[in-house]
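Coordinates in review
These are the residues of each chain, in order.
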Amino acid sequence: MRQFLKYVLATIVGLLLFSFVSFLLLVGIGAAFSSSDSKSNVSANSVLKIDLDEPVEERSSENPFSDIGPFSQQGDALGLVEIKRSLKAAKDDDNIKGIYLKVESPVAGWASLEEIRNALIDFKQSKKFVYAYAEGMTEKGYYLASIADKIYLNPAGDLEWNGLNAELSFFKGTLDKLEIKPEIFKVGDFKSAVEPFIRDDMSEPNRLQVTSFLNSINNHMLVGIAQSRNLRVDSLNRYADNLTIQRPEDALRTKMITNVGYEDEVQSLIRKELKLDEKKKINYVSLSKYDKSEKDDTEGSGSNRIAVIIASGDIHSGKSEDNSIGSETIAAEIRKARLDDKVKAIVLRVNSGGGSALASDVMYREVELAKKTKPVIGSMSDYAASGGYYMLMGCNKIVAQPNTITGSIGVFGMMFNTQDFFKDKLGVTYDRVKTNTNADFPTATHEMTPFQKQTIQRGVERVYAQFTGKAAAGRKLPIDSLRAIAGGRVWTGSQGKAIGLVDQLGGLDEAIKLAAQSAKLKDGDYKLKYQPFKKPFFEQLMSSISGDDETRMQAQLGDLAPYVKYLKKLKTMEGIQMRMPFELDIR
């Protein structure tokens, strides 16, 4: 009887779960179809509300159930493409009267912020208002807010204004305690991706390069803020050096903000702009809701196409996953665009600090084949360094933001000798039988011979020669000139343009315009075709239910999450690698 009741109960629970999931599927499908023209339904006298304190990716990763109970979040995770598209549409939308900007601590790279900031500046040409409010702002938040007509800071809040800081983590001490010995093979004094495993601080070459590109990013930020707020760069530097901005009143006194006030005061100001009674509710439209109608992966008109291929994340062989670049996927997308007669030009958009040398070369080959038939323009996002640069160096032209991180033309290989760790810490030992002298090569369970180490080093040097040779050919530079700026050194986009690694400064829009010009296409004579296509609805559903791995890791581990992420990344660092400094946190 007890067994019978158990089966009955299990059946009832199963039916309930099936009914619940079926209901969600129906709601999700209905929502997907019903939102096909939501932008035309934006009410008159609306305000576009922008909150960028969530991660900004290259493309949106839409949650089909963002408005439904247990699967709801703050909204759909928007990508840079969608943010800019919404701002461009809002500029000419008579129903949108202005923007309410909430940017406290944006989770985005500096180049992404640059594109959003420029889109906001373009929006202001409409003469519509842009008001910003924050309880507290980091430098990144303030860089965006600085373009606003009014900047409100909460009376109990703060503005972080003390300069930029780049911090790296080092694990040598951990490895020493575990008796794990890293075996490093590299080319270039500046190839510092291996330093966290063999040092407990930065080498002098690494310190030199980080100081150089950090100051370049900082100076670009200061110039932009000075122009927007009618301030002097030397004054902004002095405020940072002296920690002048301690209270909201300090920010007001130095004219970095326009008002010290609460959010209800900003709301009153917006009501005044909209000519609303104080009791009337402001009709805010979020970026995600405003962009709902843009479901297609094409933009524009005309029979011609410009393929915009977006590659973001670590580089590896195989198929792309969320936040990673799989050479098989991206190579196939480039090939598809090359063979499509409707596609007249290709824009390859890269946001990557590198990864597998082999995978990078596979994608480089497809770029070389594509540019024989049509223009291929490279567009750099926050990062296009090491393997990320390798992907682009064959393009006809390369476009980067002034604060893009690029270069890092260098190669390394890394293995870990775990013999003492297993023996002394776990009591595990290994023995072997071989048919040939080097049958156990390479290995992590015992010390390699000098000959074996030399073999790996020669392989690294061979790949470096290939990297620099192809980069010199692609950039039309003498090999000696290219190697003088290589060695693994990291540069900003501004610095890269000065030394020949980059052709033009700008964002994705500028790269698209350059592609159209190169293909002799006029405005209105082409559509943009974004590739790869977004995930199908049911894939999005399963992702929404299971959740993003990094988001769950952050929620569960808090401050320990970055270190676990490092360890997970070690598993992908097989073979010869092209990576920029391991993990760089600029804030």
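Starting afresh in each chain, residues are numbered from 1 along the sequence in its written order. Selection of residues for local features in this predicted model requires a pLDDT of at least 70, selection of side-chain atom pairs for listing and counting requires 80 or more, and totals for whole chains, interfaces and linings are taken over all residues. Heavy atoms from the whole structure form the basis of all side-chain values; hydrogens and water molecules are not counted.

Looking at the overall build of the protein
Quick reminder of the rule: Each helix corresponds to a stretch of at least 4 residues labelled H or I by DSSP, and each strand to a stretch of at least 2 residues labelled E; elements are numbered beginning at the N terminus. For each residue, the accessible area found with a 1.4 Å probe, counting protein chains only, is set against the maximum for its type, and the residue is called buried under 20%, exposed over 50%, and partly exposed in between. Computed with a 1.4 Å probe, the accessible areas rest on the Shrake-Rupley method; for each residue, only the protein chains presented here act as cover.
For the protein, the count of helices and strands is 22 helices and 23 strands. Buried positions account for 50% of the 587 residues belonging to the protein. As presented, the protein carries roughly 27900 Å² of accessible surface, and 53% of it is formed by carbon and sulfur atoms.

A short note on the packing of helix H2 (residues 80-91) against helix H3 (residues 110-123)
The test is simple: Fitting a line to C-alpha atoms yields each axis, with helices limited to the stretch in contact; the angle taken between N-to-C directions then spans 0 to 180 degrees. For classification purposes, angles smaller than 35 degrees are called roughly parallel, those larger than 145 roughly antiparallel, those between 65 and 115 roughly perpendicular, and all remaining angles oblique. Pairs of residues are marked as contacts when any of their non-hydrogen atoms sit within 4.5 Å. Side-chain classes follow a simple rule in which Ala, Val, Leu, Ile, Met, Phe, Trp, Tyr, Cys and Pro form the nonpolar group, Asp, Glu, Lys and Arg form the charged group, and the remainder, Gly included, forms the polar group.
In the contact formed by H2 and H3, the axes pass within 9 Å of each other and the chain directions differ by 5°. On the basis of their axis angle, the class for H2 and H3 is roughly parallel. Facing H2, whose interface residues are Leu80, Ile83, Lys84, Leu87, Ala90 and Lys91, H3 presents Ser112, Glu115, Ile116, Ala119, Leu120, Asp122 and Phe123. Grouping the amino acids of the contact of H2 with H3 by side-chain chemistry returns eight nonpolar, one polar and four charged.

What to know about the confidence of the model for the protein
Quick note on the threshold: A residue's pLDDT is simply how confident the predictor is in it, with values from 0 to 100.
Mean pLDDT over the protein works out to 86, with 80% of the residues at or above the 70 mark. The low-confidence segment residues 542-548 (pLDDT under 50) makes eight contacts with residues lying over four places distant or belonging to another chain. When the criterion is pLDDT under 50, residues 551-556 qualifies, and its contacts beyond four places in sequence or with other chains add up to eight contacts.

A look at unusual backbone geometry
Here the residue pair Phe441 and Pro442 is connected by a cis peptide bond, since its omega of -10° sits within 30 degrees of zero. Cis peptide bonds are those with omega within 30 degrees of zero, and the linkage from Gln531 to Pro532 qualifies with -10°. Relative to the assigned elements, Pro532 resides in the loop between strand E21 (526-531) and helix H20 (537-546). Even without being a glycine, Ser386 presents a positive backbone phi close to 55°. Note on placement: Ser386 falls in the loop between strand E15 (376-385) and helix H14 (387-392). Since its relative accessible area comes to 0%, Ser386 is described here as buried. We note that Lys476 has phi near 55°; this positive angle belongs to a residue other than glycine. Assignment of secondary structure puts Lys476 in the loop between helix H16 (450-475) and helix H17 (479-484).

Examining helix H19 (residues 508-518)
All of the buried residues in H19 are Leu508, Ala511, Ile512, Leu514, Ala515 and Ala516. Once H19 ends, the next one or two residues include Lys520, with phi positive near 60°.

Looking at the pattern of salt bridges
Cut-off, in case you're wondering: We count a salt bridge whenever a side-chain nitrogen from Lys or Arg sits within 4 Å of a carboxyl oxygen from Asp or Glu.
Under the definition given, this model contains 28 salt bridges. For the salt bridge of Lys470 with Asp361, the shortest nitrogen-to-oxygen distance reads 2.7 Å. Of this pair, Lys470 sits in helix H16 while Asp361 sits in helix H13 (residues 357-370), and the two are 109 residues apart along the sequence.

Things to note about the packing of helix H7 (residues 204-229) against helix H8 (residues 233-241)
We count it as follows: By definition, turning the near helix anticlockwise from the far helix through less than a right angle yields a left-handed crossing, and turning it clockwise yields a right-handed one.
Across the interface, H7 lies against H8 with an axial gap of 9 Å and an inter-helix angle of 115°. Considering how the two elements wind past one another, H7 and H8 form a crossing that is right-handed. Contacts between H7 and H8 pair Asn218, Leu222, Val223, Ile225 and Ala226 from the former with Val233, Leu236 and Asn237 from the latter. Grouping the constituent residues of the contact of H7 with H8 by class yields six nonpolar, two polar and no charged.

Points about the sheet that holds strand E1 (residues 46-51)
For the record, the criterion: Pairs of strands are assigned from DSSP output, requiring at least two bridges between the strands.
Strand order in the open sheet formed by six strands is E7-E4-E3-E2-E1-E8, and the pairing between neighbours is parallel. Across the chains shown, the open sheet's two edge strands, defined by having one partner strand only, are strand E7 (259-260) and strand E8 (283-286). Helix-sheet contacts for H3 involve E1, strand E2 (96-102) and strand E3 (129-137), and the interaxial angle to E2 is about 150°.

Points about the environment of Tyr142
Keep this limit in mind: Side-chain atoms alone can form a polar contact between residues adjacent in sequence; in general such a contact is a pair of N or O atoms within 3.5 Å, and within protein one must be able to donate a hydrogen while the other accepts it.
Along the chain, Tyr142 falls in helix H4 (residues 139-145). The exposure class of Tyr142 is buried, given its relative accessible area of 0%. Put simply, Tyr142 and Glu104 are 38 residues apart on the chain and 7.6 Å apart in space, counted from C-alpha to C-alpha. Among residues more than four places away in sequence, those in contact with Tyr142 are Met137, Ile151, Leu159, Trp161, Ile225, Arg229, Met256 and Ile257. Only 2.5 Å separates the side chain of Tyr142 from the backbone oxygen of Met256, close enough to count as a polar contact.

Some words on the side chain of Asp440
Of note, Asp440 is situated in the loop between helix H15 (419-426) and H16. A relative accessible area of 14% places Asp440 in the buried class. Looking at Asp440, its side chain comes within polar contact range of the side chain of His446, at 2.7 Å.

Let's talk about the packing of aromatic side chains
As a reminder of what qualifies: Working definition: a ring pair exists when centres of Phe, Tyr or Trp rings (six-membered ring for Trp) sit within 6.5 Å. Plane angles under 30 degrees give stacked, over 60 give edge-to-face, the rest tilted. Criterion for a charge above a ring: Arg CZ or Lys NZ at most 6 Å from the ring centre, at most 35 degrees from the ring normal.
Under the criterion given, the structure shown has ten aromatic pairs. Note on Trp110 and Tyr143: the rings are 6.0 Å apart at their centroids and 55° apart in plane angle, and the pair reads as tilted. Placement of the pair is Trp110 in helix H3 and Tyr143 in helix H4, with a sequence separation of 33 residues. Since its relative accessible area comes to 5%, Trp110 is described here as buried. Seen in terms of ring centroids, Tyr390 and Phe467 are 4.8 Å apart; in terms of plane orientation they differ by 55°. Their pairing is tilted. Residue Tyr390 is located in helix H14, and its partner Phe467 is located in helix H16; the two are separated by 77 residues in the primary sequence. Both residues of the pair, Tyr390 and Phe467, belong to the buried class. Sitting over the ring of Tyr143, Arg117 keeps its end group 4.4 Å from the ring centre.

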